[in-house]
Every structure is written in structure tokens, then in C-alpha cells.
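If you want the building blocks of each chain, they are given just below.
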Amino acid sequence: MPINTENTLLELVTSYNKNPDRFAFFVGAGLSQPLFPSWKNLLYLFLEKAKEGDLSYLESELAGLIESGESYLDVADTLVDSIGSTRYRDIMESIFDKDFSQNEVPEAYQTLMNLAPKTIVTTNYDRIPEIAGKGKYRVHTNKTAPEAARSFSDNKNTVFKLHGDIADQSSIVLTTTDYRKVVYDNQSTRLFINSLLSTKILIFVGFSLSDPHIDDILKNIMSINKGLPLSHYVLLNEQSKFKIASFEKNYGVKV
């Protein structure tokens, strides 16, 4: 059956205008560009650094996987192993822990903040929510999930950095190992996400089909959301009706 994404968008906008507090935004790396790199460009930066060490695989093979958007997490694991944990964290800080002004916040992200949503969840490490939010948000990470849950339940303006904050290296999620330790094994994080899903409609923005973790996040949401009446939305720059239909079927979301 043909997919009419214009109707889906109209449905979303109409529902949002009626009751914006019913929605929460889930923000990916796309909204932080070009101030901060995409996943693809981040891995290319790591590949350049890894070449200076003991790279276990051919550079051309890894570059091909990065370019095609395949196995991002596995590539990240390999490159971090080659670079070393200390140097890897130094590189992360040099990329994401930088000063910038309100005027430098990307237009799409600024537009989102102008909507003043009550709740934002993000996989980004940067400080755009703090700068663009002008101090109006209580910002939490996977390390402070219980506090995030209280802020959310008290209806405070809340930003939850699921994959961590560059200011707290112990909260950073990049590799598969990080993800399992910080997200899967963190009961407080899971409880917060469960609470969010049971009360809010999520709008995913700034993601692509090749983003790492997006499969895990959406599969987790689908399993949690079984039996709940809420439909979540994903905004994608995707022209293929087949891919859109497959995405909706696999994850139970509207594109």
C-alpha cells in the first residue's frame, strides 16, 4: 500500500498544535550539524587518528564501511581499540567540548528550542541544549537518571542525554561496550525511558536510517510500547517508499 507521508506530517502537526505538552522530542546528531560532526564524519576523524597506531584492519575496508553506513558500532569499537582509551577521550573532548555562542547554534536546533518543548531526549554529547535553552532546562545524563525521572514527573523542562555529556566522560556512550554498560545495565535509565514512553508521544528528529543505536532504541521502544495506544513519529529525509514502509512495519512508528 502506498505511503503518504504528507498525510502523516499533517496528522502530527495537527495533534502537536492541539496539545504540545503531550509530545517529547528525541534528538539525533543531524540537528547538531554543522557545528558538530555527523556519525560518519566522527568515525572518519577517528580513522585518521587510528592510522597513526596499530590498525587491525585495512584502512580502505573500514573507510568503505563508514561511507556505506554499515557496522558503525563495530567500526567504532575497532578504532577506539587502536587509538587507546585515553587518547580517544582526548579526541572526543577536542571535538565536542568547545565554546560556541547562541548565534552559532544550527538553525534546525534553534527552531526546536523555540518551540520550548517540555522534554527532550538526545543521543548527542554536546552542550547545545544548555546554550540554546538559555538555562531553562534541567539537563541530566544516564548517570543522573533518577534525578531526570523526578524532574520529568514534576513537569519540569527536562533534557536527558541518553548517550552522555562531553563534560562527564564516564557517561559517554560510543562503542557497543559503552552502550551495554551505560544503557542496558542501567536500571534507572530504563525506568526513565519506560516512564517517558507510557506518557508521551516521541518525535524523532535529526536521525538517519544508518545511525548507530537507532535500531536498538527503536526495538526497545517497540517492545516497551506493546499494548500502549501511543504512536511515535520519526522525521526522515528518505524518498524510498519501500524503506519507509519497512521502517514503519519493523518499529511500529510513523515516518
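Our subject is the structure that appears above.
Here goes a summary of the coordinates provided. This structure is a prediction, so every number in the text was calculated from the model and none was measured. Throughout this document, residue positions are counted from 1 along each chain, in the order its sequence is written. Only residues with pLDDT of at least 70 get local features here, since the model is predicted, and only at 80 or more are side-chain atom pairs given and counted; chain-wide, interface and lining totals rely on the full set of residues. Derived side-chain values reflect all non-hydrogen atoms in the structure, with water molecules and hydrogen atoms excluded from consideration.

What to know about the pattern of salt bridges
In a structure, side chains of opposite charge can pair up when their charged atoms sit close to one another. The term salt bridge refers to a pairing of a side-chain nitrogen on Lys or Arg with a carboxyl oxygen on Asp or Glu at a separation within 4 Å. The tally for this structure, following the rule as stated, stands at nine salt bridges. With a closest N to O distance of 4.0 Å, arginine 150 and glutamate 147 form a salt bridge. Residue arginine 150 and its partner glutamate 147 are both found in helix α8 (residues 145–153); the two are separated by three residues, about one turn of the helix. Exposure remark for arginine 150: the relative accessible area of 48% places this residue in the partly exposed category. Where lysine 161 meets aspartate 165, a salt bridge forms, and the shortest distance between an N and an O atom there is 2.9 Å. Each residue's exposure class comes from its accessible area (1.4 Å probe, protein chains only) as a fraction of the maximum for that residue type: buried when under 20%, exposed when over 50%, partly exposed otherwise. Under the relative-accessibility criterion, lysine 161 is labelled buried at 0%. Exposure remark for aspartate 165: the relative accessible area of 9% places this residue in the buried category. By sharing partners, the salt bridges in this structure join Glu48, Lys51 and Glu59 into a single network. Each helix is a run of H or I in the DSSP string that is no shorter than four residues. Each strand is a run of E no shorter than two, and both are numbered from the N terminus.

Description of the nonpolar core
For soluble globular proteins, nonpolar side chains are generally found buried alongside one another. Ranked by internal contacts, the top residues of the largest apolar core, which has 47 residues, are Leu43, Phe46 and Leu174. Once you skip the residues sitting within four places of it in the chain, leucine 43 turns out to touch Ile66, Tyr72, Val75, Ala76 and Leu79. What we call a nonpolar core is a set of buried Ala, Val, Leu, Ile, Met, Phe, Trp, Tyr and Cys residues that are connected through their side-chain atoms within 4.5 Å. Counting residues in each nonpolar core, the second largest holds 28 residues, with Ala145, Ala148, Phe152 and Leu218 among its members. Contacts were defined at the residue level, with two residues in contact if any of their heavy atoms lie within 4.5 Å.

Quick word on helix α3 (residues 59–68)
Within α3, burial applies to Leu62, Ala63 and Ile66. Summarising the axial view, the buried residues of α3 lie within an arc of 100°, below the 170-degree limit, and thus occupy one face. Those residues of α3 hidden inside the fold are in contact with α2 (39–50) and α4 (72–83). Immediately beyond the C-terminal end of α3, within one or two residues, lies glycine 69, with a positive phi of roughly 80°. Read the arc as the range of directions from the helix axis to the C-beta atoms.

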